[in-house]
Amino acid sequence: MRSVRGFDCMDLALTWLPGLAPKVADDAHDGKGDRWFTPAYIGKSIVEILGDKWIDPCGDPASPVTATAAHWLDYRKGFDGLTCPWPDGPAFVNPPYSNASAWIARCAQEAKTRQVVALVPLRPEGKAWHAHVWPCAKVVIPAGRLRFVGADGQTHGSAMIGTAFVCWQVDAHALSFSLARNGLQCVVVGQLSPLPW
């Protein structure tokens, strides 16, 4: 796409021809900030798959899912799940999407000694996915966009981006079936093999 005086031509076209701009739902997630929480119905599936001793390394006291974790790291008290040791047990991670690649790498590292499920932006072409997801995990992709819970405790509009549950050492099909029982249809994508050449 050509640029004109620092502006992308597509941006200019959308400004001049607003009818060409993509439609966004009135109640769509605005993508602002990182305090968006996993809906409680997903937490039911996490407990079903990981058991009741799971941990949340990026917990928030306002999250309905963090409330069901056996242990969680409270970032407000200086416990950064990216750098701090994680308590024992399987982990469910819904990391800040502004730093998802670093969290994917940390989850893959932790998965060498525990089960890990991460709810992350669906970016299958990204370097983090090629380094830490495709070689060693299975992916559960929801049909449609999730509706996250805001810091106000209310469910908000659909996310602006697709999401996926990355499963390291976790039965992705069992997670998919559990999510379906809780109202979220999904598809499972397996580990990709390296090309032979």
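Refer to the structure above for everything that follows.
Everything numeric in this text was worked out from a predicted model, so none of it was measured. (Residues numbered from 1 in each chain as written. Predicted model: local features only at pLDDT ≥ 70, side-chain atom pairs only at ≥ 80, totals over all residues. Heavy atoms only, no water.)

(A) Expanded view of the overall build of the protein. Regarding its fold elements, the protein presents 5 helices and 12 strands. For the protein, buried positions account for 39% of its 197 residues. Of all intrachain contacts in the protein linking residues separated by at least 6 positions in sequence, the fraction that spans at least 24 positions is 64%. Taken as a whole, the protein presents about 11,000 Å² of accessible surface, with 57% of it coming from carbon and sulfur. (Helix = DSSP H or I, 4+ residues; strand = E, 2+ residues; numbered from the N terminus. Buried < 20%, exposed > 50% of the residue type's maximum accessible area, 1.4 Å probe, protein only. Contact = heavy atoms within 4.5 Å. Areas by Shrake-Rupley, 256 points an atom, 1.4 Å probe, with all protein chains shown as cover.)

(B) How the structure looks around helix α2 (residues 40-50). All of the buried residues in α2 are Ile42, Gly43, Ser45, Ile46 and Leu50. Down the axis of α2, the buried set is contained in an arc of 160 degrees. They therefore lie on one face. Against the buried residues of α2 lie β6 (91-93), β7 (116-121), β11 (163-168) and α5 (172-181). The first or second residue beyond α2 is glycine 51, which carries a positive phi of 85 degrees. (Arc of directions from axis to C-beta.)

(C) Region of interest: the nonpolar core. With 25 residues, the main nonpolar core has Trp86, Val93, Trp129, Val133 and Trp168 as its most contacted residues. Going through the elements one at a time, β4 (55-59), β6, α3 (100-110), β7, α4 (127-132), β8 (138-142) and β11 are the ones with two or more residues in this core. The greatest single-element share of this core, amounting to 4 residues, is contributed by α3. Sequence-distant contacts of tryptophan 129, defined by excluding residues within four places in its chain, comprise Ile104, Val120, Pro121, Leu122, Arg123, Pro124, Trp134, Pro135, Val139, Ala164 and Val166. Listed in part, the 20 residues of the second largest apolar core include Trp54, Leu146, Phe148 and Leu175. (Core = buried A, V, L, I, M, F, W, Y, C linked by side-chain atoms within 4.5 Å.)

(D) How the structure looks around the packing of aromatic side chains. As enumerated under the stated definition, the model contains 3 aromatic pairs in all. Their ring planes at 85 degrees and their centres at 6.1 Å tell us that tyrosine 97 and phenylalanine 148 sit as a pair that is edge-to-face. A residue pair is termed long-range when its members are at least 10 positions apart, and tyrosine 97 in the loop between β6 and α3 and phenylalanine 148 in strand β9 (residues 147-150) qualify at 51 residues. Exposure remark for tyrosine 97: the relative accessible area of 24% places this residue in the partly exposed category. Taking relative accessible area as the criterion, phenylalanine 148 reaches 4% and is therefore assigned buried. (Phe/Tyr/Trp six-rings, centres within 6.5 Å; stacked < 30°, edge-to-face > 60°.)

(E) Quick peek at the sheet that holds β9. Taken in spatial order, the 3 strands of this open sheet run β3-β9-β10, and their pairing is antiparallel. Taken across any chain shown, the strands that pair with only one partner, and hence form the sheet edges, are β3 (36-37) and β10 (155-158). As judged from the 2 bridges shared by β3 and β9, these two strands associate in the antiparallel manner. The residue bridging tryptophan 36 from the neighbouring strand is glycine 150, located in β9. (Pairing = 2+ DSSP bridges.)

(F) Representation of the side chain of threonine 66 within the structure. Examined against the element boundaries, threonine 66 turns out to sit in the loop between β4 and β5 (71-74). For threonine 66, the side chain forms a polar contact with the side chain of aspartate 56, separated by 2.6 Å. Apart from the residues lying within four places of it in its own chain, the contact partners of threonine 66 are Asp56, Gly59, Asp60 and Trp72. (Polar contact = N/O pair within 3.5 Å; in protein donor to acceptor, adjacent residues only side chain to side chain.)

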